[in-house]
Amino acid sequence: MSLVRVHNFSVSLDGFGTGEGQTLEAPFGHAGSRLMEWAFETLTFREMGLHGKSPGSRGVDEAFASQWGRGIGVEIMGRNKFGPQRGPWENEEWKGWWGDNPVFHTPVVVLTHHPRPVLKMEGGTTFHFVDAEPAVALEQARALAGDADVRIGGGASTIRQFLDADLIDHMHVVLVPVVLGRGERLWDGLEGLEQRYEIEATPSPSGVVHLVFTRRAAA
């Protein structure tokens, strides 16, 4: 069976995956760009069109960042990753943060209590708006992915729900040396998570630590 994976998900030292107060102008709330500055300098993220200060690094951070798309057939994301609106859609003009040709180039399942028609974008990205619990959403995503893997793209509450349901096989979390103090935490309610996963930590010269969680083999 295909794997369920998380890649390049950044958290602060106090466990927040995003800051408080998300708006159209501030997708990560008061955290600004601090959680993602490590990624902006990688070749992978530069090729996605994000702007850094270098031509695109090929070091430790790039080695992890580049795993993001390999073997992925579909992404599942939460409503808040797709956009800043809450509740019923005011209109269906909002098409995400990524422009007319989003970076995914696969189907994307957006979890929302307010479904809307499938949104087809350039480059092969199609957004499917689904009101479903994690296990049901995963079943629908696998049907769209074929034999390829499923990526859980975030945000923090979406990844936490899939971890709580024990549906994630591989997870790459980036520990960023900032303290946010408020926002959406990843680890709440997941006591003992380390018992389910082998965990490897790789420090980077950029100051972040890459944590890789791999599901332990059944006894």
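**Student:** What is the right way to look at the overall build of the protein chain in this model?
**Tutor:** Secondary structure assignment for the protein chain yields six helices and eleven strands. Relative to the compact-globule value of 17 Å for 219 residues, the protein chain shows a C-alpha radius of gyration of 17 Å, a close match. By its C-alpha atoms, the protein chain is 45 × 45 × 30 Å across when sized along the principal axes. Among the 219 residues that make up the protein chain, the fraction classed as buried is 48%. Sequence separation of 24 or more characterises 62% of the internal contacts of the protein chain that already satisfy a separation of 6 or more. The positive charge centre, built from 20 side chains, and the negative charge centre, built from 28, are 3 Å apart in the protein chain.

**Student:** What should I look at first to understand the environment of P134 in this one?
**Tutor:** Mapped onto the elements, P134 comes out in helix α5 (residues 134-145). Residue class for P134 comes out buried when judged on its relative accessible area of 9%. Counting along the chain gives 46 residues from P134 to L180, while the straight-line C-alpha distance between them is 28 Å. Those residues in contact with P134 that lie beyond four places of it in its chain are Q161, F162, A165 and L167.

**Student:** Can you walk me through the layout of surface pockets in this structure?
**Tutor:** Over the atoms rolls a probe the size of a water molecule, and in doing so it shows where empty space is left. Considering only enclosed or pocket space, the largest pocket measures out at about 1400 Å³ in volume. If you go around the largest pocket, you meet 50 residues; those closest to its centre are N80, K81, G153, G154 and G155. Elements with a minimum of two residues in the lining of the largest pocket: β1 (4-12), β2 (16-18), β3 (72-78), α4 (79-82), β7 (149-154) and α6 (156-164). When its residues are assigned to classes, the lining of the largest pocket shows 19 nonpolar, 22 polar and nine charged.

**Student:** Looking at this model, I keep getting lost on α6. Mind explaining?
**Tutor:** Residues spaced three or four apart along an α-helix point in a common direction, a consequence of the helix completing one turn every 3.6 residues. For α6, the full list of buried residues reads A156, T158, I159, R160, F162 and L163. Two residues or fewer after α6 comes D166, characterised by a positive phi angle close to 60 degrees.

**Student:** Just checking my understanding: could you explain the nonpolar core for this structure?
**Tutor:** Nonpolar side chains in soluble globular proteins tend to be buried together. I76, I152, I159, I168 and M171 are the most contacted members of the largest nonpolar core, which totals 29 residues. Only β1, β3, β4 (107-111), α5, β7, α6, β8 (170-176) and β11 (209-215) provide two or more residues apiece to this core. In contact with I159, other than residues within four places in its own chain, are V6, F9, I152, G154, I168, M171 and L186. In this structure, A31, M36, W38 and V174 belong to the second largest nonpolar core, which totals 14 residues.

**Student:** What is the right way to read unusual backbone geometry from this model?
**Tutor:** Among all residues save glycine, negative phi is the norm, and among peptide bonds the norm is trans. Cis rather than trans, the peptide bond between G154 and G155 has omega equal to 0 degrees. Checked against the element boundaries, G155 lands in the loop between β7 and α6. For H105, which is not glycine, the phi torsion reads 60 degrees and is therefore positive. With respect to the element layout, H105 can be found in the loop between α4 and β4. By relative accessible area, H105 is classed as partly exposed at 42%.

**Student:** Looking at this structure, I do not really get the pairing of β1. What am I missing?
**Tutor:** Sheet faces and side chains relate simply in a regular strand, where the side chains alternate between the two faces. For β1, the buried fraction is high: nine of the nine residues fall into the buried class. One ladder, built from two bridges, connects β1 with β7; its direction is parallel. In the sheet register, R5 faces β7, and the bridge partner there is R151. The pairing of β1 with β8 spans six bridges and is parallel.

**Student:** Would you take a moment to explain the sheet that holds β1 for this structure?
**Tutor:** The strands that make up a sheet are held in pairs by hydrogen bonds between backbone atoms, and each pair lies either parallel or antiparallel. Strand order in the open sheet formed by nine strands is β5-β6-β4-β3-β7-β1-β8-β11-β10, with mixed pairing between adjacent strands. Unpaired on one side and paired on the other, β5 (119-120) and β10 (197-203) mark the two borders of the sheet. Bridge count for β4 against strand β6 (residues 126-130) is five bridges, and the pairing is parallel. In the strand pairing of β6, L111 is matched with V130. In this fold α5 packs onto β1, β3, β4, β6 and β7, with an angle of close to 150 degrees to the strand it touches most, β3. Where α6 meets the sheet, it contacts β1, β3, β4, β7, β8 and β10, and its direction lies at approximately 135 degrees from that of β7.

Rules used throughout
- Residues numbered from 1 in each chain as written.
- Predicted model: local features only at pLDDT ≥ 70, side-chain atom pairs only at ≥ 80, totals over all residues.
- Heavy atoms only, no water.
- Helix = DSSP H or I, 4+ residues; strand = E, 2+ residues; numbered from the N terminus.
- Rg over C-alpha atoms; globule rule 2.2 N^0.38 Å.
- Buried < 20%, exposed > 50% of the residue type's maximum accessible area, 1.4 Å probe, protein only.
- Contact = heavy atoms within 4.5 Å.
- Lys, Arg positive; Asp, Glu negative; His and termini not counted.
- Charge placed at Lys NZ, Arg CZ, Asp CG, Glu CD.
- 1 Å grid on protein atoms, 1.4 Å probe; cavity = no way out; pocket = protein on both sides within 12 Å on 5 of 7 lines; lining within 4 Å.
- Points joined across faces, edges and corners; volume = space filled by probe spheres on them.
- Nonpolar A, V, L, I, M, F, W, Y, C, P; charged D, E, K, R; others polar.
- Core = buried A, V, L, I, M, F, W, Y, C linked by side-chain atoms within 4.5 Å.
- Pairing = 2+ DSSP bridges.
- Axes fitted to C-alpha atoms, helices over the stretch in contact; angles between N-to-C directions.

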